[in-house]
Amino acid sequence: MNQLQLFLPCAAGVEELLAAEVKRVTGIQGKAWRAGVQLQASWRDAMQLNLHSRLAQRVLIELQHNQYRSEQDLYNAAASVAWEIWFTPRQTFKVEITAQHSPLTSLNFAALKIKDAIADRFRAKFDVRPDVDTRWPDARVYVHLTTDTVTIYIDTSGEPLFKRGWREDKGDAPLKETLAAAMIAASGWDQLCKDGVPLYDPCCGSGTIAIEAAQIACNMAPGLNRRFAFQKFLPFQGHVWDGLLNQAEAAITAPSAPVFGSDVSFRMVDFAERNAERAGVAHAVQLRGGDALQRMPPAPSGVMLVNPPYGERIEVAGVAGVPGGQQRQQGMDEFGQPVPRPQGRAGGVGREQAQTEDGTDFFAQLATHWKKNYAGWTAHVLTPDLKLPGKMRLKESRRVPMWNGPIECRLFRFDMVAGSARGKPASTPGLAPSPAGGGQG
C-alpha cells in the first residue's frame, strides 16, 4: 500500500493549483493532467489528501490501465483486479463509467460487463457475489475509456470532497466549496492571510467563500466534519486514521486574518451564520446584511472575492452562453471529457438579479462604488462574461480560466484605484503585484 497510483480529479483550470496543494500536503510532486493530478503515493497519503485537500473532487486509486477493443477486454481487465484486498463480498459496490471517443456502442453494456467481472471474481473465490447499490455503495468503481485504453479506479472518498459536512443551509444554486477554495488559491490569499491580509465577500450568499477562507485562516482541515469511503475498506486501520485526525485538530489555530461577508438577503446571511457555526469558524468570520452597492469596506485594504449574481436577466457574453439559455459550449467532467451544458439559467448561480430595480447595470454601479470607496483593495471576480471588465470600465491585471461546473468562467483581478481605473494601481500591504495581462485569456 506504499506504491499506489493516485488520480485526483478537479475542475478544469485548477490543475496547477491542485498540484501545489498536493505537494504541501504530502511532499510529493504530482503531475498535472487535464482536469486532475496524478501521483505515486502511499495509503496514508491517500487518507491525508482526503482530509486536507480543498481543491480535489475525489481521491481515486488506479487499479488497472490496459488496452481494449471490445467489451470482453473490459471484462478481462476488471476480472484481473484483486478486488478482494479492498472490500468483501458482504459489501456493496457500484460501477460508474465515462468515455472519450470510445468506439463502443453502449456504455451501459460496458459497465454491465465490468460489474459482472467484479461479481464473478468474488463468486469464484468466496462462492458469493457482492450486491450492487446504486445509491449508497460501500465501494465506488470508476472506469474511464479513451479510444483504445481503459483505466479502472476505486474511489477512496465516497461522497465528493466538496461536501465538507457543514453546509446544510444553502440557496438555490450555491457555489461548490472546491470552487470557492480554487478562487481563494488563485487570488493568493491562502498565503497572504499569513500576513493578516483581510478577505471580504460582498455577495456571500450562504457563506461558502467566507467559510472556506475562515477555515484556511484557522488552519482547519476541510475533511474534519465528514466520513470517507476508505473507512470501509479492508486496508483501513482505525488507529492510523485517529492519529491523522488528532494531528489535524492539534494544528488548528486562532485566525491569522479577518474574514468578512455580507449579502443583500438577510435570509442568506442567517444561512451563512448557521453554516459557519457547523464549520467551526463562527468566531473567525464576520457576517452582515447589506447591499453590495452600499456597504463600505470592512478594513482599509485587503482582498475581495466575489461570485456575483449572473442569472437569467443578464445577457451572458462570450463562450458562456447566448441569450435565452441556448447553451452552445460544453464543460468538462471529472476526467476532463466534454459534458453537455444544462439548459436554462446562464450559470444557474445567481442569488439575486444582476440588474438594479431601475434597470441600471449592477456591475457598472458596483465598479463605481469600488473605485470611490475601495482604493487599496484587490478584487477578484468570477464570471462567465468575458466582457465584464469593459462593462465595469475596469482594466483587469489578471484573468484566470476556471470552470463553474459546465460553465466556462474567468477569475478577473482588479487593482482598485480611487476614482479611476487608469494609472498605477494602489499598493496594498502584503499583496504581491500582478503584471497586467499576466494571466491566460
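Residues numbered from 1 in each chain as written. Predicted model: local features only at pLDDT ≥ 70, side-chain atom pairs only at ≥ 80, totals over all residues. Heavy atoms only, no water.

### A short note on the overall build of the protein chain
For step 1, the next point in the chain: When helices and strands are tallied, the protein chain shows 11 helices and 16 strands.
For step 2, the next point in the chain: Of all 441 residues assigned to the protein chain, the portion counted as buried reaches 56%.
For step 3, the next point in the chain: Look at the contacts in the protein chain between residues 6 or more apart in sequence, and 78% of them connect residues 24 or more apart.
For step 4, the next point in the chain: Counting every atom, the protein chain has about 18800 Å² of accessible surface; 49% of that belongs to carbon and sulfur. (Helix = DSSP H or I, 4+ residues; strand = E, 2+ residues; numbered from the N terminus. Buried < 20%, exposed > 50% of the residue type's maximum accessible area, 1.4 Å probe, protein only. Contact = heavy atoms within 4.5 Å. Areas by Shrake-Rupley, 256 points an atom, 1.4 Å probe, with all protein chains shown as cover.)

### So, the packing of aromatic side chains
For step 1, the next point in the chain: Evaluated as defined, the whole model comprises 16 aromatic pairs.
For step 2, the next point in the chain: A centroid spacing of 5.8 Å and a plane angle of 70° characterise the contact between Tyr 374 and Trp 377, whose relative ring orientation is edge-to-face.
For step 3, the next point in the chain: On the accessibility criterion, Tyr 374 (1% relative accessible area) is buried.
For step 4, the next point in the chain: One aromatic cluster in this structure is built from Trp 43, Trp 86, Phe 228, Phe 230, Phe 233, Phe 236 and Trp 241. (Phe/Tyr/Trp six-rings, centres within 6.5 Å; stacked < 30°, edge-to-face > 60°.)

### Structural notes on unusual backbone geometry
For step 1, the next point in the chain: Positive phi, normally seen in glycine, also occurs at Asn 219, with a value near 55°.
For step 2, the next point in the chain: Inspection of the secondary structure assignment puts Asn 219 in the loop between helix 7 (208-217) and helix 8 (238-250).
For step 3, the next point in the chain: Phi at Arg 393 is positive, roughly 55°, even though this residue is not glycine.
For step 4, the next point in the chain: Mapped onto the secondary structure, Arg 393 falls in the loop between helix 11 (388-392) and strand 15 (398-404).

### Concerning the pairing of strand 11 (residues 302-306)
Taken residue by residue, a regular strand's side chains alternate between the two faces of the sheet.
For step 1, the next point in the chain: For strand 11, the tally of buried residues reaches five of five residues, placing the bulk of the element in the interior.
For step 2, the next point in the chain: Bridging between strand 11 and strand 14 (residues 377-383) involves five bridges; their strand directions are parallel. Residue pairing in the sheet places Gly 302 in a bridge with Trp 377 of strand 14. (Pairing = 2+ DSSP bridges.)

### Looking at the sheet that holds strand 14
For step 1, the next point in the chain: With respect to topology, seven strands assemble into an open sheet ordered 10-9-8-11-14-16-15, the strand pairing being mixed. Every interior strand has two partners, whereas the edge strands, strand 10 (285-289) and strand 15, have only one. Across the sheet, the mean angle separating the axes of adjacent strands is 20° when strand polarity is ignored.
For step 2, the next point in the chain: Bridge analysis of strand 14 against strand 16 (residues 407-415) gives six bridges, and the strand direction is antiparallel. (Axes fitted to C-alpha atoms, helices over the stretch in contact; angles between N-to-C directions.)

### Thoughts on the nonpolar core
For step 1, the next point in the chain: Core analysis: the biggest nonpolar cluster contains 100 residues, and Leu 6, Trp 189 and Met 402 have the highest contact counts within it.
For step 2, the next point in the chain: When residues no more than four places from it in sequence are discounted, the contact partners of Trp 189 are Ile 184, Val 197, Pro 198, Leu 199, Ala 213, Ile 216, Ala 217, Ala 257, Pro 258, Val 259 and Val 303.
For step 3, the next point in the chain: Formed by 23 residues, the second largest nonpolar core is a distinct cluster that contains Phe 363, Ala 367, Val 381 and Phe 412. (Core = buried A, V, L, I, M, F, W, Y, C linked by side-chain atoms within 4.5 Å.)

### Considering the state of the cysteines
Here a disulfide denotes one covalent bond, and it connects the sulfur atoms of two cysteines.
For step 1, the next point in the chain: One pass over the full model with this rule turns up zero disulfides.
For step 2, the next point in the chain: Looking at Cys 203, it has no disulfide partner, and the nearest cysteine sulfur is the one in Cys 204, 8.4 Å off.
For step 3, the next point in the chain: By relative accessible area, Cys 203 is classed as buried at 2%.
For step 4, the next point in the chain: Cys 204 sits in the buried class, given a relative accessible area of 5%. (Disulfide = S-S within 2.5 Å.)

### Focus on the side chain of Arg 410
For step 1, the next point in the chain: With respect to the helices, strands and loops of the structure, Arg 410 is situated in strand 16.
For step 2, the next point in the chain: The exposure class of Arg 410 is buried, given its relative accessible area of 6%.
For step 3, the next point in the chain: At a separation of 3.2 Å, a polar atom in the side chain of Arg 410 contacts the side chain of Glu 408. (Polar contact = N/O pair within 3.5 Å; in protein donor to acceptor, adjacent residues only side chain to side chain.)

### Here's the deal with helix 7
For step 1, the next point in the chain: With 10 of its 10 residues buried, helix 7 lies for the most part within the structure.
For step 2, the next point in the chain: The complete set of buried residues in helix 7 reads Thr 208, Ile 209, Ala 210, Ile 211, Glu 212, Ala 213, Ala 214, Gln 215, Ile 216 and Ala 217.
For step 3, the next point in the chain: Just past helix 7, the residue Asn 219 takes up positive phi, approximately 55°.

### A few points about the pattern of salt bridges
For step 1, the next point in the chain: Scanning all chains against the criterion turns up 21 salt bridges.
For step 2, the next point in the chain: With its nearest N and O atoms 3.9 Å apart, the salt bridge here joins Lys 125 to Glu 84. Note that Lys 125 is positioned in helix 4 (residues 107-126) and Glu 84 in the loop between helix 3 (71-79) and strand 5 (93-99), a separation of 41 residues in sequence.
For step 3, the next point in the chain: According to the relative accessible area criterion, Lys 125 is partly exposed, its value standing at 47%.
For step 4, the next point in the chain: In this structure, the salt-bridge partner of Arg 164 is Glu 212, at a minimum N-O distance of 2.9 Å. Taken together, the residues span a long stretch of sequence, with Arg 164 in the loop between strand 7 (149-155) and helix 5 (177-187) and Glu 212 in helix 7 at a distance of 48 residues. By the burial criterion, Arg 164 is buried, and Glu 212 matches it.
For step 5, the next point in the chain: The network of salt bridges with common partners includes Lys 115, Asp 116, Asp 120, Arg 123 and Arg 129. (Salt bridge = Lys/Arg side-chain N within 4 Å of Asp/Glu carboxyl O.)

### Structural notes on the pairing of strand 1 (residues 4-9)
For step 1, the next point in the chain: Burial runs high along strand 1: five of the six residues are buried.
For step 2, the next point in the chain: In terms of strand pairing, strand 1 meets strand 3 (residues 36-41) through six bridges, oriented antiparallel. Its bridge partner lying in strand 3, Leu 8 is registered against Val 37.
For step 3, the next point in the chain: Sheet topology places strand 1 next to strand 4 (residues 60-67); three bridges connect them, and they run antiparallel. Considered in strand 4, the bridge of Leu 6 is made with Ile 61.

### Digging into the confidence of the model for the protein chain
For residues with low pLDDT, the predicted coordinates do not support detailed interpretation.
For step 1, the next point in the chain: Averaged over every residue, the pLDDT of the protein chain is 85; residues scoring 70 or more account for 82%.
For step 2, the next point in the chain: Below pLDDT 50 for its whole length, residues 336-353 participates in 63 contacts with residues either more than four positions away or in separate chains.
For step 3, the next point in the chain: The low-confidence segment residues 420-441, where pLDDT is below 50, has 45 contacts with residues more than four positions distant or belonging to other chains. (pLDDT = per-residue confidence, 0-100.)

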